[in-house]
Every structure is written in C-alpha cells, then in structure tokens.
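Listed here are the chains, written in short residue letters.
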Amino acid sequence: MAGEPILIVDDEESILTQLRWGLADEYDVRTAANVAEARKVLAEVRPKVVTLDVTLTPRGSGEDGLRLLEEILDRYPLTKVIMVTGNDSRENALLAIQRGAVDWYAKPIRLEELKVILRRAFLVRELEAEHAETATTGRKRYHKLVGESVTLQRVFGLIQRVAPTDATVLVLGENGTGKELVAHAIHESSPRRDKPFIPISCGAIPETLLESELFGHERGAFTDAYRAREGKFELANGGTIFLDEIGDLPVHLQVKLLRFLQDHTLERVGGRELVRVDVRVVAATNRDLQAAIAQGRFREDLFYRLSVLTIQMPALRERGDDTRLLAEYFLEFYSRHHKRRLKGFTQSARRAIQAHPWPGNVRELENRIQRGVILARDAYLRPEDLELGEAPAEGPRTLQEARDRAEHELLIDALTRHAGNITRAARDIDVSRPTLHDLLRKHGIEAERYRNPEMPEAGDDDTEPEPDDDPRASRG
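Nothing here was measured: the structure is a model prediction, and the numbers come from that model.

(A) Layout of the overall build of the protein chain. The helix and strand tally for the protein chain stands at 18 helices and 16 strands. Here the protein chain, with 476 residues, has 48% of them falling under the buried criterion. Long-range pairs, those at least 24 residues apart, make up 67% of the contacts in the protein chain between residues at least 6 apart in sequence.

Here it is, written out as structure tokens:
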C-alpha cells in the first residue's frame with residue numbers, strides 16, 4: 001500500500017500542507033483546493049482513495065462537496081471517498097455516507113486517526129477489486145443505473161465483463177428502459193472513458209441527412225455543403241459511439257456501417273479517400289430485429305456484427321421492488337434539483353406506484369416523480385401529485401393490523417371533525433389529551449394538517465403537516 005496515490009480535496013491550505021507532510025511516508029499525496037483541480041487529478045492519477053471536504057467554499061452549504069462526491073462515484077465507481085467535516089456540518093457528512101462515501105472524520109484532524117481510516121478505505125477498495133466479478137450482486141447503483149433486482153444485477157454483470165473489451169454490443173429493450181444508460185456505463189467502465197461518448201438517434205434524423213451526420217461530408221458534396229465536415233464516427237474517435245434506434249437505419253447505410261465494422265474505415269459523403277477511425281460501437285433498439293431480418297428490412301450480417309454481446313434491458317414491470325427504489329431515488333434527486341423539502345410518499349402513493357404498469361418504463365416514472373415534486377402541496381407525494389389513481393389497499397392480515405387500522409381511522413375522523421383541535425378530539429373519542437398525543441405519535445399523525453388556520457388551538461405543539469396515511473412506512 002506504501003506509495004499508493006491519494007487525493008486530498010480541501011480549500012484550506014493549512015490542511016493540505018499538514019496532510020502532505022503527515023502522510024508522505026505512506027502515500028503519494030496529491031492535493032486539490034477546488035473542484036476543477038480535483039477533476040484534473042482524478043483524471044490523471046485515478047487515486048483509489050479520496051478525502052473530500054464537505055464545504056469546499058467559505059460558508060458553503062455542503063452542496064459543492066456532495067456534488068463532487070456524486071461525480072466521483074459516478075465516474076470512478078470503485079474509488080473510496082472519505083468525507084471531511086467541521087463540527088457544524090456533520091449532518092452533511094452523514095448525508096454523504098448515505099450517498100456512497102465510505103467513511104468520514106471531523107476537523108481538527110488527528111493524523112493517527114486519519115491513517116487508520118485511510119488504511120480501512122484501501123482495504124475495502126482492494127477487497128472489491130479482488131471480487132470484481134461478483135461485486136455487483138446486491139449493488140443498488142452502477143454508474144447511472146439504479147436497481148437491485150436479479151434481472152438488473154445480470155445487466156450489471158454483463159456490462160462489467162464486456163466493458164474492458166472493444167466488442168460491439170447490442171442493447172435491446174422497450175422505450176424508456178435505460179438503454180443509453182447501459183451504453184454510457186459500458187463507456188465509463190472501459191479504457192476509453194476519457195475519450196468522447198457520442199450518442200445519435202438513427203430514427204430522429206431525416207434519411208437524407210443521416211449519412212452525413214454519421215460519416216461526414218466533403219465540401220461541395222451536396223447543396224449547402226460549403227465546407228468539409230466530420231461525422232459522428234470521426235468525432236467519437238478513440239471513444240464510443242452509441243447508435244440508438246439502429247432498427248430504423250436505412251438499408252443502404254446498413255451496408256456502409258457493416259463495412260466500417262469490418263475494417264474501421266469510412267468514406268465521407270462526396271469523398272474518395274478512406275478515413276481510419278478507432279471507435280467502439282454500441283447500438284440499441286426496441287424493435288424485433290429477427291423479424292426485420294425475415295422481412296428484408298435489416299441485414300443479417302450486420303446483426304451478427306453488432307450483437308457480439310447482447311444485453312436485454314428488462315421492462316420496469318419486470319423489476320419488482322426496483323420501482324420503489326427508483327421512485328425514492330428520483331424523489332431525492334428532484335427535491336434537491338428544484339429545492340423542495342419533500343420527505344417521501346404516502347402509503348397510497350406507494351400502492352399506486354406499485355400497481356401502475358409503467359408502459360413508459362423508467363422514463364415515465366422519472367417524469368411523473370419530477371412533476372409531482374414541482375406540484376406537491378406539502379412534504380409528501382400523493383397519488384394525485386403523480387397523476388395516478390390510488391390502488392386499493394390490501395386488507396389486514398392479522399388481528400393487530402385490523403386494530404391498528406381501525407384506531408388510525410378513528411383518530412383521523414376525530415381530527416377531521418374537530419379541525420385538528422386536540423382537546424375536542426380527545427373528548428370525542430373519550431381519552432385524555434396526553435393519551436391522544438401518544439396515539440398520534442404511535443400512528444405518525446400530526447394534528448396541524450387538520451387545523452383551520454383561522455382558528456388555532458393554543459397549547460397544541462403539533463406543527464408539521466402530515467399526509468393522509470402513515471408516511472414513515474414509505475421511507476423504506
């Protein structure tokens with residue numbers, strides 16, 4: 001482990017100086033005072049372990065450090081990040097742990113304590129590297145793909161195996177399942193990760209322009225071709241090109257693509273010279289290519305060139321509890337993005353999410369969650385916020401569940417009838433005020449939501465709005 005590079009990211013020069021000196025006997029210490037410097041060192045050195053200050057700017061909120069954490073984990077999934085925090089920002093450090101940081105420590109820095117944490121981070125990193133083939137089992141996130149279902153774990157494993165090679169990959173799946181995210185994960189896990197990733201939709205560009213978009217053109221090749229232009233293949237040189245909707249590629253361009261896959265050379269439109277390009281091809285489609293081959297609309301030889309490895313992206317309805325996991329992921333992401341303080345879903349919203357067939361797959365789920373975050377009336381999303389009909393609740397399976405449900409409904413009815421007035425509601429159901437407060441805490445109900453703001457009740461300390469059912473169960 002001696003001599004391994006580590007990266008220290010902190011905006012305090014005194015901290016950087018202390019750690020450069022204090023860790024030099026065990027590590028090759030690299031430092032960065034801001035996000036730009038950190039990105040440069042990460043790209044050049046690829047350290048296995050990074051220490052990252054939560055607040056990289058004076059009086060910062062912690063968002064800068066947390067954003068860099070997410071960027072590191074997305075681009076370098078095996079890198080272990082240790083968060084650094086002051087005594088007044090431990091909440092951000094704990095939030096960072098939830099988002100994937102391996103550990104954290106607080107300032108002022110105790111060198112021997114930090115060395116122990118660093119050794120532990122390197123050990124975790126080495127164990128993960130040794131078991132890379134099986135490390136995806138149970139993982140909830142791989143690059144930008146989120147899920148823990150068995151079907152998605154298989155996808156993670158295939159990506160991990162094929163990424164280090166230059167093999168062409170064909171990704172199949174319905175619209176909205178995340179085929180481009182698979183292509184991007186392959187690129188980011190490959191030796192080409194620092195070169196361009198160029199996506200292009202073969203079905204979104206008119207056929208008359210598609211050849212020029214893909215392969216480029218020479219000056220004068222057609223009307224308005226006033227200068228030579230590189231196509232997407234040349235722009236992706238050294239990296240990866242993602243050909244989405246490959247089933248819509250016209251037959252005459254299928255011939256040209258096949259020729260490129262055979263010898264990695266191309267001719268620009270109107271050109272005579274062959275241009276050699278080093279680019280990896282990942283293609284995707286929601287079409288049945290075997291049926292297209294039988295109908296003469298897709299070349300069989302091109303199919304076999306493209307599908308050295310085929311990855312089938314499952315539909316969201318086939319991914320079990322991934323729907324809940326993705327919904328929570330999008331809720332957290334868009335709550336931060338739109339600066340809304342949302343806490344979760346009501347139980348009725350969760351039932352509606354699980355019951356919906358999601359014909360638009362992950363893209364539809366993301367769209368509905370983002371819209372719900374923007375339109376939410378309070379801290380919890382309901383079915384109407386997501387424009388989903390509420391799924392019928394399951395009946396109680398035990399006597400205790402039946403009692404709890406009846407008790408919950410009785411409390412809600414009493415609060416509704418008396419506009420959140422604790423004293424009157426307690427009298428109505430024949431319990432004392434302290435007992436009613438205990439029951440409300442038990443069921444996660446807060447009276448504030450049921451009150452008439454024009455007639456507040458003095459002495460009631462319930463201030464936080466609550467959804468129509470127990471929200472804490474929705475947090476997983």
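Text resumes after the structure shown.
(B) Here's a closer look at the sheet that holds strand S13 (residues 280–285). In space, the five strands of this open sheet follow the order S9-S10-S13-S8-S14, with parallel pairing throughout. Since the sheet does not close on itself, it has two edges, and those belong to strand S9 (197–201) and strand S14 (309–312), each with one partner. Averaged over all pairs of adjacent strands, the angle between their axes in this sheet comes to 20°, without regard to strand direction. As defined by bridge partners, strand S10 (residues 240–244) adjoins S13 across four bridges and the pair is classed as parallel. Within S13, the position partnered with Ile241 by the bridge is Val281.

(C) Examining unusual backbone geometry more closely. Of note, the bond from Lys107 into Pro108 is cis; its omega dihedral lies within 30 degrees of zero at 0°. By the secondary structure assignment, Pro108 is in the loop between strand S5 (103–106) and helix H5 (111–130). Phi angles above zero are rare outside glycine, and Arg46 is one such case at about 50°. Residue placement: Arg46 occurs in the loop between helix H2 (35–45) and strand S3 (49–53). In this structure Arg46 comes out as partly exposed when scored by relative accessible area, which is 28%.

(D) Inspection of helix H18 (residues 433–443) at higher detail. Along H18, the residues classified as buried are Leu436, His437, Leu439, Leu440 and His443. The arc enclosing the buried residues of H18, seen along the axis, measures out at 160°, which places them on a common side. For H18, the exposed residues set more than 90 degrees away from the buried face come down to Pro434 and Arg441. Buried positions along H18 lie against helix H16 (399–417) and helix H17 (422–428). Just beyond H18, the residue with positive phi is Gly444, at close to 70°.

(E) Layout of the confidence of the model for the protein chain. For the protein chain, the average pLDDT comes to 84, and 87% of its residues sit at 70 or higher. Within the model, the stretch residues 453–476 combines pLDDT values under 50 with 73 contacts to residues more than four positions away or in other chains.

(F) Quick look at H2. Every buried residue of H2 is accounted for by Ala38, Val41, Leu42 and Val45. Around the axis of H2, the buried residues are gathered within 100° of arc, so they sit on the same side. With respect to the buried face of H2, the exposed residues turned more than 90 degrees away are Ala36, Lys40 and Glu44. Close packing links the buried residues of H2 with strand S1 (4–9), strand S2 (27–32), S3 and helix H3 (63–75). The distance from a side-chain oxygen at the start of H2 to the backbone nitrogen of Ala36 is 3.2 Å, and the residue carrying that oxygen is Asn34. Two residues or fewer after H2 comes Arg46, characterised by a positive phi angle close to 50°.

(G) Region of interest: the nonpolar core. In this structure, Phe233, Leu243, Ile246, Leu257, Phe298 and Leu306 are the most contacted members of the largest nonpolar core, which totals 31 residues. Taken together, the elements giving at least two residues each to this core come down to strand S8 (169–172), S9, helix H8 (207–215), S10, helix H10 (251–263), S13, helix H11 (289–294) and helix H12 (300–306). The biggest single contributor to this core is H10, with five residues. When sequence neighbours within four positions are dropped, the list of residues in contact with Leu257 reads Phe215, Phe233, Leu243, Ile246, Leu249, Leu302 and Leu306. Of all hydrophobic cores here, the second largest spans 22 residues; its members include Leu316, Ala327, Leu365 and Ala376.

(H) Fine view of the packing of aromatic side chains. Inspection of every chain in the model, using the stated rule, returns nine aromatic pairs. Members of the aromatic cluster, each reached through a chain of ring pairs, are Tyr329, Phe330, Phe333 and Tyr334.

(I) Quick look at the sheet that holds S2. Taken in spatial order, the five strands line up as S2-S1-S3-S4-S5 in an open sheet, and their pairing is parallel. Since the sheet does not close on itself, it has two edges, and those belong to S2 and S5, each with one partner. Here the average twist between neighbouring strands, direction ignored, is 20°. As defined by bridge partners, S1 adjoins S2 across six bridges and the pair is classed as parallel.

(J) Main features of the side chain of Glu213. Within the element layout of this structure, Glu213 appears in helix H8. In this structure the side chain of Glu213 is engaged in a polar contact, spanning 3.2 Å, whose partner is the side chain of Arg229. When sequence neighbours within four positions are dropped, the list of residues in contact with Glu213 reads Ile200, Ile205, Arg229, Gly231 and Lys232.

(K) Spotlight on the packing of H16 against H18. As a packed pair, H16 and H18 sit with axes 11 Å apart at the nearest point and diverge in direction by 120°. Looking at the two axes, H16 sits oblique to H18. Every pair of crossing elements has a handedness; the one defined by H16 and H18 is left-handed. From H16, Asp404, Glu407, His408, Leu411 and Leu415 reach across to H18, where they touch Leu436, Leu439, Leu440, Lys442 and His443. Of the residues that constitute the contact of H16 with H18, the class distribution is five nonpolar, two polar and three charged.

Each value, and the rule that gives it
- Residues numbered from 1 in each chain as written.
- Predicted model: local features only at pLDDT ≥ 70, side-chain atom pairs only at ≥ 80, totals over all residues.
- Heavy atoms only, no water.
- Helix = DSSP H or I, 4+ residues; strand = E, 2+ residues; numbered from the N terminus.
- Buried < 20%, exposed > 50% of the residue type's maximum accessible area, 1.4 Å probe, protein only.
- Contact = heavy atoms within 4.5 Å.
- Pairing = 2+ DSSP bridges.
- Axes fitted to C-alpha atoms, helices over the stretch in contact; angles between N-to-C directions.
- Arc of directions from axis to C-beta.
- pLDDT = per-residue confidence, 0-100.
- Polar contact = N/O pair within 3.5 Å; in protein donor to acceptor, adjacent residues only side chain to side chain.
- Core = buried A, V, L, I, M, F, W, Y, C linked by side-chain atoms within 4.5 Å.
- Phe/Tyr/Trp six-rings, centres within 6.5 Å; stacked < 30°, edge-to-face > 60°.
- Parallel < 35°, antiparallel > 145°, perpendicular 65-115°, else oblique.
- Left-handed = near helix turned anticlockwise from the far one by under 90°.
- Nonpolar A, V, L, I, M, F, W, Y, C, P; charged D, E, K, R; others polar.

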